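The chain contents come next:
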Amino acid sequence: MTGQRLLGTPTLKQWPGLKYLMFERKNYKRSMPIPLALVFPNMDQNGLDLLSRLLEFDPAKRISAEEALDHPYFDSLDKFQY
């Protein structure tokens, strides 16, 4: 499954910086996202939240690697500092 098929076509509301990218957006077929819970039915809410934040279109809104490691999804793991 391609990213566009899963996530749908981004809108300017979702990703304002999209208007500055160097491609013809009008050539892309518009598609609606598929809910992550349907694609990953066995994933819990924390996992779905983390995945959706990792797959955010707008880089300014996307979760950072450090924030991702502190996400509640990983609370059950043994964490240690280097």
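Here is what the cut-offs are and how they apply
- Residues numbered from 1 in each chain as written.
- Predicted model: local features only at pLDDT ≥ 70, side-chain atom pairs only at ≥ 80, totals over all residues.
- Heavy atoms only, no water.
- Phe/Tyr/Trp six-rings, centres within 6.5 Å; stacked < 30°, edge-to-face > 60°.
- Helix = DSSP H or I, 4+ residues; strand = E, 2+ residues; numbered from the N terminus.
- Buried < 20%, exposed > 50% of the residue type's maximum accessible area, 1.4 Å probe, protein only.
- Arc of directions from axis to C-beta.
- Contact = heavy atoms within 4.5 Å.
- Polar contact = N/O pair within 3.5 Å; in protein donor to acceptor, adjacent residues only side chain to side chain.

Within an unreviewed UniProt entry, the label attached to the protein chain reads Cyclin-dependent kinase B1-1, and the organism entered is Acorus calamus.

Turning next to the packing of aromatic side chains. The tally for this structure, following the rule as stated, stands at two aromatic pairs. Their ring planes at 10 degrees and their centres at 6.3 Å tell us that Trp-15 and Phe-57 sit as a pair that is stacked. Residue Trp-15 is found in the loop between α1 (3-7) and α2 (36-39), and its partner Phe-57 is found in the loop between α3 (45-54) and α4 (65-69); the two are separated by 42 residues along the sequence. In terms of burial, Trp-15 and Phe-57 fall into one category: buried. When the ring of Tyr-73 is compared with that of Phe-74, the centres are 5.2 Å apart and the planes differ by 75 degrees; the resulting orientation is edge-to-face. Phe-74 gets classed as partly exposed once you look at its relative accessible area, which sits at 21%.

This part covers α3. Of the positions making up α3, those classed as buried are Gly-47, Leu-48, Leu-50 and Leu-51. Taken end-on, α3 shows its buried residues confined to a sector of 165 degrees, consistent with a single buried face. On its buried face, α3 sits against α2 and α4. A distance of 3.2 Å separates the backbone nitrogen of Asn-46 from a side-chain oxygen at the start of α3, and that oxygen is part of Asp-44.

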